[in-house]
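Secondary and tertiary structure notes
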Amino acid sequence: MDITEYIKLVFTDYTLRTITLGTAILGAVTGMLGSFAVLRKQSLLGDAISHAALPGIAIAFLLTGAKDSNTLLLGALVSGLLGTFWIRGIISKTHLKSDTALGLILSLFFGFGMLLLTFIQKQPNANQAGLDKYLFGQAATLLESDVWMMSIVTGICLFVLLLFWKEFKILLFDADYTKTLGFNTKFIDVLITSFIVLAIVLGLQTVGVVLMSAMLLAPAAAARQWTNSLSVMVFLAAIFGAFSGVFGTAISATQNNLSTGPVIVIVASVFVLFSFIFSPSRGLLFKQIRFIKNRRDLQLHKTLAFMYNIVESHENISHPHAIKILNNFQGYTKSTLQKLVSKNYVTLDGGMWSLTEEGFQAASNLYNQQNDNNE
Amino acid sequence: MENKIAVKVDDLTVAYNYKPVLWDIDLEIPEGVLMAIVGPNGAGKSTLIKSILGILKPIAGSVSIYDKPYEKQRQLVAYVPQKGSVDWDFPTTALDVVMMGTYGSLGWVKRPGQKQKKAALEALEKVGMLPFKNRQISQLSGGQQQRIFLARALVQNASIYFMDEPFQGVDATTEIAIINILKELRKAGKTVIVVHHDLQTVPEYFDWVTFLNVKKIATGPVKDIFNDDNLTKTYGINYKVSIQE
């Protein structure tokens, strides 16, 4: 299937359209809210929440006997929120660190959820098949009504985000200070956390309990690399998340039998990898390039300064000297000398070098600059 | 000296676990003083400020600002937290951080506008950071970050300033710049309360001092109470420092 054919299919085929739209919206909303989780250093919270949602799904099924996704996700929401506030309680009431509290609640809830799932599978009820799809997600089960649900939640989330933007921002940066200004920090905190829980629960059907936290973190981590502004970061994270959904769906739809959730997560991870390497200001590649360039410049400066000191004691600045005397000096290499020659600062004649007028000027400027800096 | 009491603390007791960090603190800070809070590590200096500001919940005690409960007087109070208490890699600029000082007067939902921006720029100018207004905050030096925090408090245009170790990890130039601003604030009739570590500079910088070590040891004018007796009571028997030249 070529690309134009696929794009045509996205607009005409009900299932493909629903999945593409659903994963794109999901990616956007989790990317947006993920920015807050990442900046609050609560990256693991997403993982704990998604795992904590599992028993809620099982209990909702046991109570209603229905597999309607809205009912199950409501159960997930309740147990996700329960887990989250339990974690917060543990952190504030005991001496346990947040990673311990997260790990504890994550495994406790997930273990209980798995227990319930196996219990349900042993039931003679024919309806029970397929509950385990919430473990790894199954985008193919998305219905138009699910997508509507996602759109509405995303809309509400966006509205609240814009409304309380200033409050969210200051709380993320400096919570104590926010309190002294008279803001109810607990309210802002609960608001952010609740929306993070909501976004995670929305994604369980598509991406699943196990991989959901990647949807929250990957777009945000990638976005952070490209900008130093919070609003741009949130916007970029939404874009990256949405594209992860669209590309992930496309790859899984064209390569038969590839599960959509994991592919989306891998695409999002590619965004992260690319951003970590190629971001101009924070990326590894340009950092390394800048580092090497700075070292070379310094080497050049040192060699030139050394030559300047030798030359200063002579009347003729272009008096030739043996290259050998440079060997006493560690910063010297053949390539730095070559570079100085190419800049017309130095001329080489066999084993002898001599400083040019230009090189002398450059070196004395350098010298003055350094003296200025030292003062 | 003006006799009005700017900050009054009654029977304040704070504990994190079982051991009290602050025990039965009574404190009256007169208006218009530049006061240092000194004491050894773990004496509860930061805790005292945080409890006064309602960041920490005390076990007992009350705080009043100009004879009214603190909650009703928030707009009279500004706070400069310890520089290390926030993540300076947060994606924002110097100007943006200073603007946060206007959020309290704006209240919920309302966004800062031109008026707030102008106030923030003026504060940046005062601390000598105007050329860095668009700088990402992680690219500022420790001293510059401290100045940004100071500017954020200045924007609040408060009557009482609480500062938690504003001289920590800053170079001599910044220290002088900051103390000059604090002295200016005092001259304008403001009350400034500073958690301070360097005992040598207390007589030079401050006119009022509180010795603290879980309990309040002494409080009063530097020239009257900053002596070996109180220092020994606060820091222990083996502590000696030459205070007066």
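One can find the structure itself at the top, above this paragraph.
Model, not experiment: these values are computed from the prediction. All residue numbers here refer to positions counted from 1 along the written sequence of the relevant chain. For naming, the first written chain is A and the first written ligand is 1, with later ones following in the order written. Given that this is a predicted model, residues contribute local features only at a pLDDT of at least 70 and side-chain atom pairs are listed and counted only at 80 or more, while totals for whole chains, interfaces and linings are drawn from all residues. The basis for the side-chain values is all heavy atoms of the structure; hydrogens and waters are excluded.

1. Some thoughts on the overall build of chain A
Secondary structure follows DSSP: runs of H or I at least 4 residues long count as helices, runs of E at least 2 residues long count as strands, and numbering of each begins at the N terminus. For chain A, the helix and strand inventory stands at 17 helices and 3 strands. Here the C-alpha atoms of chain A give a radius of gyration of 30 Å, more than 25% beyond the 21 Å that 2.2 N^0.38 yields for 375 residues. The contact criterion used is simple: two residues touch if any of their non-hydrogen atoms lie within 4.5 Å. For chain A, the proportion of contacts with a sequence separation of at least 24, taken over those separated by at least 6, is 69%. Calculation of accessible area relied on Shrake-Rupley with a 1.4 Å probe; when residues are assessed, cover is drawn exclusively from the protein chains displayed. Counting only carbon and sulfur atoms, one obtains 64% of the accessible surface of chain A, whose full area is about 18,600 Å². It is over C-alpha atoms that the radius of gyration is taken, and the globule rule equals 2.2 Å times the number of residues to the power 0.38.

2. A short note on helix H11 (residues 185-207) of chain A
Residues and elements named next belong to chain A. Here, expected helix span is obtained from the residue count minus one, scaled by 1.5 Å. Look at H11: 32 Å from first C-alpha to last across 23 residues, which is about the 33 Å you get at 1.5 Å a residue. Counting buried positions over the 23 residues of H11 gives 18, a clear majority of the element. A 3.5 Å cut-off defines polar contacts: any pair of N or O atoms within that distance qualifies, except that in protein one atom must be a possible hydrogen donor and the other a possible acceptor, and neighbouring residues in sequence count only when both atoms are side-chain atoms. The opening residue of H11, the one whose side-chain oxygen lies 3.2 Å from the backbone nitrogen of lysine 186, is asparagine 184. Phi turns positive, to about 95 degrees, at glycine 208, one or two residues after H11. Three exposure classes are used, based on accessible area relative to the maximum for each residue type with a 1.4 Å probe and protein chains only: buried under 20%, partly exposed in between, and exposed over 50%.

3. What about the sheet that holds strand S1 (residues 5-15) of chain B?
Residue and element names in this part refer to chain B. The antiparallel open sheet is built from 4 strands, whose spatial order is S2-S1-S4-S5. Bordering the open sheet on either side are strand S2 (20-30) and strand S5 (68-69), each of which pairs with just one other strand. With 7 bridges connecting them, S1 and S2 associate as antiparallel partners. Looking at S2, one finds that alanine 15 is bridged to proline 20. Strands were regarded as paired on the criterion that DSSP finds at least two bridges between them.

4. Some details on the nonpolar core
In plain words, nonpolar cores are sets of buried Ala, Val, Leu, Ile, Met, Phe, Trp, Tyr and Cys residues tied together by side-chain atoms within 4.5 Å. Of all hydrophobic cores here, the largest spans 170 residues; its most connected members are Leu204(A), Val7(B), Phe162(B) and Leu182(B). Among the elements that line this core, the one with the most residues is H11(A), at 12 residues. Among residues more than four places away in sequence, those in contact with Leu204(A) are Ser50(A), Ala53(A), Ile57(A), Leu73(A), Ala76(A), Tyr134(A), Gly137(A), Val209(A) and Met212(A). Ranked by size, the runner-up nonpolar core spans 17 residues in total, among them Ile323(A), Leu326(A), Trp353(A) and Phe360(A).

5. Things to note about the interface of chain B and chain A
Each side of the interface is counted separately: chain B has 34 residues, and chain A has 30 residues. Buried area adds together the accessible area that both of two parts lose upon being put together, with accessible area traced by a 1.4 Å probe. Three residues stand out in chain B for area buried against chain A, namely Phe90(B), Pro91(B) and Trp108(B), and they jointly supply 26% of the buried area on that side. In this structure, Arg152(B) and Asp174(A) form a salt bridge, with 2.8 Å as the shortest nitrogen-oxygen distance. Of all the secondary-structure elements, those providing two or more residues to the side of chain B that touches chain A are helix H2 (94-99), helix H3 (103-106) and helix H5 (142-155) of chain B. One speaks of a salt bridge when a side-chain nitrogen belonging to Lys or Arg is within 4 Å of a carboxyl oxygen belonging to Asp or Glu.

6. Some thoughts on the environment of Tyr345(A)
All names here are of chain A. By the element assignment, tyrosine 345 lies in the loop between helix H16 (334-342) and strand S2 (346-349). In this structure the C-alpha to C-alpha distance between tyrosine 345 and tyrosine 6, which are 339 residues apart in sequence, comes to 61 Å. In this structure tyrosine 345 touches Leu304, Leu340, Ser354, Leu355, Thr356, Glu358, Gly359 and Ala362, once residues within four positions along its chain are discounted.

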